[in-house]
Amino acid sequence: MSNWHDIGTADDFNDGEALALVAGGQPVAVFRLGEDLFALRDLCTHGNARLSDGYIEDGCIECPLHQGLFDIKSGAARCLPVTEAVRSFPVRVVAGRVEIEVSDTPTLPHEAAIQHRDMTVEAIEMVASDVAIIRLRGAGGAPLDYIAGQYIDVLLADGQRRSYSMATPAGAALLELHVRHLPGGLFSDRVFASLQLGEQLQIEGPCGSFFLRDGSQPVILLASGTGFAPIKALLKEAIRSGSTRSMCLYWGGRKQADLYMDELCRNWAETLPWFRYVPVLSEPETGSNWPGRSGFVHLAVMQDYPDLSRHQVYACGAPVVVEAARRDFSAFCGLPPADFFADAFLSKADSRP
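Looking up the protein chain in an unreviewed UniProt entry gives the name Oxidoreductase NAD-binding domain protein, with the organism given as Collimonas pratensis.

K.L.:
When you look at the packing of helix 2 (residues 228-241) against helix 3 (residues 262-271) in this model, what are you seeing that I'm missing?
P.N.:
The angle between the axes and the distance between the axes are what describe a pair of packed helices. Across the interface, helix 2 lies against helix 3 with an axial gap of 13 Å and an inter-helix angle of 30°. Taken together, helix 2 and helix 3 sit at an angle that is classed as roughly parallel. Both helix 2 and helix 3 take part in a crossing whose hand is left-handed. In this structure, helix 2 uses Phe-228, Lys-232, Leu-235, Lys-236 and Ile-239 to contact helix 3, whose residues at the interface are Leu-264, Cys-265 and Trp-268. Of the residues in the contact of helix 2 with helix 3, the class split is six nonpolar, no polar and two charged.

K.L.:
I tried to follow empty space enclosed by the protein on my own but got confused; where do I start?
P.N.:
Any space left empty among the atoms is revealed by the rolling of a water-sized probe across them. Applying the stated criterion across every chain, the model contains three cavities of 30 Å³ or more. Within this model, the largest cavity holds a volume of roughly 40 Å³. Contributing to the lining of the largest cavity are His-46, Pro-81, Thr-83, Arg-326, Ser-330, Pro-337 and Phe-340.

K.L.:
Would you explain the sheet that holds strand 17 (residues 200-207) in this entry?
P.N.:
Note: strands within a sheet are paired through backbone hydrogen bonds, in either parallel or antiparallel orientation. Read across the open sheet, the six strands follow the order 15-14-17-12-13-16; overall the sheet is antiparallel. With one partner strand each, in any of the chains shown, strand 15 (161-165) and strand 16 (174-180) form the two edges of the open sheet. The mean inter-strand angle of the sheet, taken between neighbouring strand axes irrespective of direction, is 40°. By the bridge criterion, five bridges tie strand 14 (residues 151-155) to strand 15 in an arrangement that is antiparallel. Following the sheet pairing, Tyr-151 is matched in strand 15 by Ser-165. On the sheet, helix 2 packs against strand 15 and strand 16 and is oriented at approximately 150° with respect to strand 16.

K.L.:
Quick question: what am I supposed to make of helix 2 here?
P.N.:
Residue pairs three or four apart in sequence face the same way in an α-helix, which turns once every 3.6 residues. Taking 1.5 Å per residue, 14 residues should reach 20 Å; helix 2 reaches 20 Å between its end C-alpha atoms and fits that length. Note on helix 2: the residue one or two positions beyond its end, Gly-242, has a positive phi of about 80°.

K.L.:
Is there a simple way to think about the confidence of the model for the protein chain in this case?
P.N.:
If pLDDT is low for a region, its predicted coordinates should not be looked at in detail. Per-residue confidence for the protein chain averages 89 on the pLDDT scale, and 93% of its residues sit at or above 70. Counting contacts from residues 347-353, a segment whose pLDDT is below 50, to residues more than four positions away or on other chains yields 25 contacts.

K.L.:
Just to check I follow, could you spell out the packing of aromatic side chains for this structure?
P.N.:
Aromatic ring pairs are reported here in terms of the distance separating the ring centres and the angle at which the planes meet. The tally for this structure, following the rule as stated, stands at 10 aromatic pairs. When the ring of Phe-228 is compared with that of Trp-251, the centres are 4.1 Å apart and the planes differ by 15°; the resulting orientation is stacked. Of this pair, Phe-228 sits in helix 2 while Trp-251 sits in strand 19 (residues 247-253); the two residues are 23 residues apart in sequence, bridging distant segments of the chain. Among the residues examined, Trp-251 registers a relative accessible area of 0% and is labelled buried. Between Trp-274 and Phe-275, the aromatic rings sit 6.3 Å apart at their centres with planes inclined by 70°, giving edge-to-face as the arrangement. Note on Trp-274: relative accessible area 11%, which makes it buried. Taken together, the ring pairs in this structure connect Phe-210, Tyr-314 and Phe-341 into an aromatic cluster. The aromatic ring of Trp-4 is capped on one face by Arg-92, whose charged end is 4.0 Å from the ring centroid. Its end group placed over the ring of Phe-211, Arg-213 keeps NZ or CZ at 3.9 Å from the ring centre.

K.L.:
Mind showing me how you'd approach the packing of helix 4 (residues 297-304) against helix 5 (residues 319-333) here?
P.N.:
Contact geometry of helix 4 with helix 5 gives a least axis separation of 9 Å together with a crossing angle of 20°. One element, helix 4, and the other, helix 5, form an angle in the roughly parallel class. In the crossing of helix 4 with helix 5, the sense of the turn from one axis to the other is right-handed. Residues Val-297, His-298, Val-301 and Met-302 of helix 4 form the contact with helix 5, whose participating residues are Val-321, Ala-324, Ala-325, Asp-328, Phe-329, Phe-332 and Cys-333.

Parameters at a glance
Residues numbered from 1 in each chain as written. Predicted model: local features only at pLDDT ≥ 70, side-chain atom pairs only at ≥ 80, totals over all residues. Heavy atoms only, no water. Axes fitted to C-alpha atoms, helices over the stretch in contact; angles between N-to-C directions. Helix = DSSP H or I, 4+ residues; strand = E, 2+ residues; numbered from the N terminus. Parallel < 35°, antiparallel > 145°, perpendicular 65-115°, else oblique. Left-handed = near helix turned anticlockwise from the far one by under 90°. Contact = heavy atoms within 4.5 Å. Nonpolar A, V, L, I, M, F, W, Y, C, P; charged D, E, K, R; others polar. 1 Å grid on protein atoms, 1.4 Å probe; cavity = no way out; pocket = protein on both sides within 12 Å on 5 of 7 lines; lining within 4 Å. Points joined across faces, edges and corners; volume = space filled by probe spheres on them. Pairing = 2+ DSSP bridges. Expected span 1.5 Å × (residues − 1). pLDDT = per-residue confidence, 0-100. Phe/Tyr/Trp six-rings, centres within 6.5 Å; stacked < 30°, edge-to-face > 60°. Buried < 20%, exposed > 50% of the residue type's maximum accessible area, 1.4 Å probe, protein only. Lys NZ or Arg CZ within 6 Å of the ring centre and 35° of its normal.

If you want it as structure tokens, here you go:
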């Protein structure tokens, strides 16, 4: 069953521009190309970015995060690093009103309807000088329906929003967010200076296509900084489900304090026979006697796994880390591009973890 949703008049849409809206619970970007209108799901399939913020070029929309291109008419991926098409919605004009068809049942499980929820701050834990973990409870105690690895948007003043991956698996009573402080950050300054227990926050979600795919291939988990948050959710879900699929986590930071849940990961490695943990520091402190690996985290993966042709890789963190891994794993280690799943975050202020 499907529904048509009124989204305005034909004159509301300008040629060569994208307009962001919500229809049938789905985030949608609507484009006018000449006399024709097209609609795509307003979330990149490769990283956490809204296509409506991108650039229109030769009938394609360029993701603002990593310059991947999607065909506006079909949603097809047109250039790397995107490999997965974005959902396209039928559009029609009836008596001057534009309507978009959104199925009641999502095409894919991670395309569930976006929910707007009021959340209460239940706990704030400073786990490093620049990293806070905040835990949120939904109004009425009802948990948010999502897939481990997805993210939510925290809604702020003047229509602004900041995206944070959930570090908890689906069904958790509390949502756990890992917030890195960047001075001047619209939300992170508030978290570190004035956010109080009991305070109300508004969120929208779930969003994103970062979740563990079915399969038997060994899994490489690659995180930098607070990109550990969705990786933690994937691991907690694997533990809860009784999975025995081989997984190895490489967590990179500059200093030892950046690995703010290092002890948890070491405990997992000691108790889970299918899990291995490799911490990597790019700038270990002089005299710290750091016993672990040093250098760039994705290079540590390549040293240990020169052949990734039979693996799946899940990477989250700073775009420079994620994109270096995507490029080098495929170019030098034989990883099929379709087996690299990423959650890269824009780095302006604290807009992404």
